[in-house]
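Inside the fold
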Amino acid sequence: MIRFRHLLAASALLIAAPRHPLAAQTFPTNDPVIKHIYAMGMDSTHLYTEAHVLFDSLGPRLMGTPNIKRAQDWLVSMYKSWGIDAKEEQYGTWRGWIRGPSHIDLIEPRVRSLEGQMVGYSPGTGAKDAVMSMVILPRFKDSTEFVKWLPQARGKMVMVAPPMPSCRPQQQWEALGTPSSVQRIDSLADSIKADWAARIRNTGYSLALGGGSLGVRLEAGGAGGIITSRPKLVLATPRAGGAGGRGGAGGRGAGGGRGGAAAPNETVPMTLNLATGVVTVDSAALRAAEAADRGGRGGASGSLGGYGAMEVFETYNLKTPAIALDCEDYGLVYRLTEAGDKPKLRLNLDGRLLGEQPVFNVVAMVKGSEKPDEYVVLSSHFDSWDGSSGATDNGTGTLTMLEAMRILHTVYPHPKRTIVAGHWSGEEEGEVGSKAFTEDHPEVIKGLQDVFNQDNGTGRIQSVGGGGMVHSPEHVNLWMSALPKEFLTVVRANVPGRPSGAGSDGFSFTCYGVPTGDLGAASWDYGTLTWHTERDTYDKVVFDDLKYNATLTAMLAYEASEDPTMIPHEKATFPVPANARPGQYSSDGWPICEKAPRKTNPRLR
């Protein structure tokens, strides 16, 4: 047996040992800054220590909570310790909350400690035991019948999610199940999905991300709380080439997004007419990509699903708890309730609502020496859902930008243009912090050279977007020509690219018609395992990829700062996505800006 201290010692040696000698790299130029950036990023990284503090010691960073404020204080202190100017900019208030322990036990008809927790912002039980019975939300004819039923839920936990017919990942069914078994599970899953869509719809309310308006109405009607479940499994079994989850395979960097219609996927063939600025998109490929972008809940590509992971979001209940159970334990309690076995749960939940609290972005800046009114922005959201540690969403994006700034300040302390690192809060609530920053800093929008936004997991950056700008190809290709050839075997320029859609902070910039270079990365099961789940922890970080990302980002920022000219703010014209909401896109295919809410903006639907 290897003793733990020996394992730690071996890990330290691996971390300390240089593994990427300069001589092994092929640099296209003799630029000493590029070579120094490479040496600092690949062989003198601080990422392991930074990740431990951020993910293990500080933990999740839910908007409005003391946790995110402590983490923001740490972030500012890190920057200042390196001599980089950084501050917390307040832009409004948001509801505050403290998560204490969650203990959820089945006590009848047998005893079992269940895998689950409060969802974000849930009221607790006063850190005292509460014994609760369950009732399953029935299927009603309409909202009137729902209201008449409410007295039957008084004091009970209402189960408001469909039970999965199987908690096995779909790839197991497809690989090992007989055709008849797969057909049966497909049929059962489809019927459950349709039934539960009708159950929720017929109440006249919505579950939103964790309880929504339905949870609020159940609370007002006297229910004791709600039990939900959002496992990382696709409820119906898509066939080969089926719909993907949020953003499709590869996370947000590959198209799609939580906030609505997907912009054309970066894999869709496009042709830019430089004379007219019009982008022609392969219409058949676009329709296929949009269908994929509308895919199943939480899945990645095809019918894959994450074994044992569940999404943990939020509730707007003010008095009664909302809890999430994993697939297996939700199914257990559901079956016991459905069979009339009268199960009872003992809840001991410590959740405290704090009212409106000040909320901040962290903004770090190295002032430009020649063109201080022109900006290169390194963008990542700092907040997270709090089911786990927020490691890959978006702690790895945060550390990419933090480490890139450390490297740049060391090897390039006097940039030509001002370099800004924006660590936004409130992205998970609808890009609130970044929207506020762009509203509050019109000078940055006016003088923007480019934004490099990263928000799709721990994987190696594989594409650098042009943001839909007519002249992005000449600039992005120029910057990338300075990269080590070994980097260019991994990353490509996606130019002219497309405007960023809602769902990440690039949207807050691109809607102004300015360059926004989304950094698309390899997925590493981001959509199926870590995105918004209780499994998004330190151990999911791929540090070799993260070092590469920070080094690449620092190189791109350096090249963008040194570029003799700015990218002209000239937009290409795109087709409006077929699934766009009214008022979401302008006629040229660019998203329309949305005003930042400066206080809690409930998302009940």
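What comes next is a walk through the structure. (Residues numbered from 1 in each chain as written. Predicted model: local features only at pLDDT ≥ 70, side-chain atom pairs only at ≥ 80, totals over all residues. Heavy atoms only, no water.)

1. Observations regarding the pairing of strand S11 (residues 371-381)
Among the 11 residues in S11, eight count as buried, and that is most of the element. In this structure, S11 lies alongside strand S12 (residues 417-424), joined through eight bridges in parallel fashion. Paired with His381 across the bridge in S12 is Trp424. (Buried < 20%, exposed > 50% of the residue type's maximum accessible area, 1.4 Å probe, protein only. Helix = DSSP H or I, 4+ residues; strand = E, 2+ residues; numbered from the N terminus. Pairing = 2+ DSSP bridges.)

2. Focus on the pairing of strand S9 (residues 322-325)
Side chains Ala322 and Ala324 project from S9 onto one buried face, and the interleaved Ile323 and Leu325 project onto a second face that is buried too. As judged from the three bridges shared by strand S3 (residues 116-118) and S9, these two strands associate in the antiparallel manner. Along S9, the bridge assignment pairs Met118 with Ile323.

3. Observations regarding the packing of helix H3 (residues 47-58) against helix H18 (residues 543-562)
Remark: H3 packs on H18, axes separated minimally by 11 Å, with the N-to-C direction vectors making an angle of 110°. Between H3 and H18, the interaxial angle falls into the category roughly perpendicular. From H3, Leu47, Tyr48 and Ala51 reach across to H18, where they touch Phe543, Leu546 and Lys547. Of the residues assigned to the contact of H3 with H18, the class counts are five nonpolar, no polar and one charged. (Axes fitted to C-alpha atoms, helices over the stretch in contact; angles between N-to-C directions. Parallel < 35°, antiparallel > 145°, perpendicular 65-115°, else oblique. Contact = heavy atoms within 4.5 Å. Nonpolar A, V, L, I, M, F, W, Y, C, P; charged D, E, K, R; others polar.)

4. A look at the nonpolar core
In this structure, Ile37, Tyr79, Leu378, Met405, Leu408 and Phe452 are the most contacted members of the largest nonpolar core, which totals 67 residues. Among the elements that make up this core, the one with the highest residue count is H18 (10 residues). What Leu378 contacts, discounting residues up to four positions off in sequence, is Met401, Ala404, Met405, Leu408, Ile419, Val420, Ala421, Gly422, Phe452, Thr553 and Ala557. Of all hydrophobic cores here, the second largest spans 58 residues; its members include Leu209, Met310, Tyr334 and Leu336. (Core = buried A, V, L, I, M, F, W, Y, C linked by side-chain atoms within 4.5 Å.)

5. Digging into the packing of H3 against helix H4 (residues 66-81)
Between H3 and H4, the shortest axis-to-axis distance is 11 Å and the interhelical angle comes to 160°. Compared by their axis directions, H3 and H4 come out roughly antiparallel. Remark: the crossing between H3 and H4 carries right-handed chirality. Here H3 contributes Glu50, Val53, Leu54 and Leu58 to the contact with H4, which in turn contributes Asn67, Arg70, Ala71, Trp74 and Met78. Looking at side-chain class alone, the contact of H3 with H4 contains six nonpolar, one polar and two charged residues. (Left-handed = near helix turned anticlockwise from the far one by under 90°.)

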